[in-house]
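Here are the chains, one letter per residue:
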Amino acid sequence: ISNVARSSPFRANTLWNLLKLPCVRSCGVFPDDPTLDHLLQNIPENHSDGPPSHYLPNDDEGTVYSDGFLRAYTDGSCFNPEHPLLARAGYSVFFGKDNPHNISLPLLGPTQSSFRAELRAILAALRAYPQGKLWIISDCKGVVNTCQTFLKNAPGAQIQFSSDFDLWQHVRALIEARSNDVRITWMRSHLEGDELEHYTMMGIFTQDDIDANTHAD
């Protein structure tokens with residue numbers, strides 16, 4: 001405490017008061033800061049990606065097409081995921097270098113996780129390109145597997161969700177409304193070295209795929 005007091009008397013006083021608490025003194029358990037919980041619970045929930053955006057033919061800057069499908073690369077990540085009160089996530093959609101419809105936004109709402117961010121990115125991609133053939137490539141296998149279930153089953157089929165139902169219902173509705181014009185597939189992320197050479201030589205992923213996934217990250 002004396003060492004802390006030299007640089008910050010306020011922090012030293014806070015630490016001293018904490019050490020007086022029975023849970024700290026007897027068990028070494030520090031209570032959560034209620035301010036952090038308040039900040040987390042008050043992150044506004046918003047399923048919008050901002051002003052409506054209409055993808056136009058002349059917006060194809062840097063985009064990649066395959067089998068007539070425009071390819072969109074999505075990603076989600078979370079800082080401090082092991083600390084629920086400190087976790088903060090974000091998501092991105094990459095259509096191509098300098099493309100005006102590329103998206104990079106913080107995940108809103110009190111549920112902050114990389115899985116939810118990955119799912120939010122899929123929703124953003126579907127909304128950003130509402131017409132035409134769209135091929136979404138994600139490195140989150142769990143999200144991709146569930147989206148594949150929507151594509152393989154009849155609309156309205158009973159599917160169980162363990163969490164994030166508020167987002168899944170929007171994703172499902174958009175996929176089922178245009179199931180013939182949407183593909184959603186998984187690709188391994190952060191490929192390098194021998195693994196990178198293997199996947200490219202096998203033709204599983206192209207260099208364009210790898211570069212775009214890196215941009216989405």
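Below is a short write-up of the structure. Keep in mind it's a predicted model, so treat the numbers as computed, not measured.

Cut-offs applied
- Residues numbered from 1 in each chain as written.
- Predicted model: local features only at pLDDT ≥ 70, side-chain atom pairs only at ≥ 80, totals over all residues.
- Heavy atoms only, no water.
- Helix = DSSP H or I, 4+ residues; strand = E, 2+ residues; numbered from the N terminus.
- Buried < 20%, exposed > 50% of the residue type's maximum accessible area, 1.4 Å probe, protein only.
- Polar contact = N/O pair within 3.5 Å; in protein donor to acceptor, adjacent residues only side chain to side chain.
- Contact = heavy atoms within 4.5 Å.
- Salt bridge = Lys/Arg side-chain N within 4 Å of Asp/Glu carboxyl O.
- Axes fitted to C-alpha atoms, helices over the stretch in contact; angles between N-to-C directions.
- Parallel < 35°, antiparallel > 145°, perpendicular 65-115°, else oblique.
- Left-handed = near helix turned anticlockwise from the far one by under 90°.
- Nonpolar A, V, L, I, M, F, W, Y, C, P; charged D, E, K, R; others polar.

**Quick word on the side chain of Ser138**
Tracing the sequence through the fold places Ser138 in strand S5 (residues 134–138). Ser138 sits in the buried class, given a relative accessible area of 0%. Within polar-contact distance, the side chain of Ser138 engages the backbone nitrogen of Cys140 at 3.1 Å. When near neighbours in sequence (up to four residues on either side) are disregarded, Ser138 contacts Thr74, Glu118, Ile122, Val144, Thr185, Trp186 and Met187.

**Considering the pattern of salt bridges**
Counted according to the given criterion, the structure contains four salt bridges. Residues Asp164 and Arg116 are paired through a salt bridge, measuring 2.8 Å at the closest nitrogen-oxygen approach. Residue Asp164 is located in the loop between helix H6 (141–152) and helix H7 (165–177), and its partner Arg116 is located in helix H5 (residues 114–128); the two are separated by 48 residues in the primary sequence. The exposure class assigned to Arg116 is buried, which follows from its relative accessible area of 3%. Salt-bridge contacts for Asp166 lead to Arg116; the nearest nitrogen and oxygen are separated by 2.7 Å. Of this pair, Asp166 sits in helix H7 while Arg116 is found in helix H5, placing the two residues 50 residues apart along the sequence.

**Focus: the packing of H6 against H7**
When two helices pack together, their arrangement is given by the angle between the helix axes and by the axis-to-axis distance. At a minimum axis separation of 9 Å, H6 and H7 run at an interaxial angle of 45 degrees. In terms of axis orientation, H6 runs oblique to H7. Relative to H7, the crossing made by H6 is right-handed. In this structure, H6 uses Val143, Thr146, Cys147, Phe150 and Leu151 to contact H7, whose residues at the interface are Trp168, Val171, Arg172, Ile175 and Glu176. Per-class residue counts for the contact of H6 with H7 are seven nonpolar, one polar and two charged.

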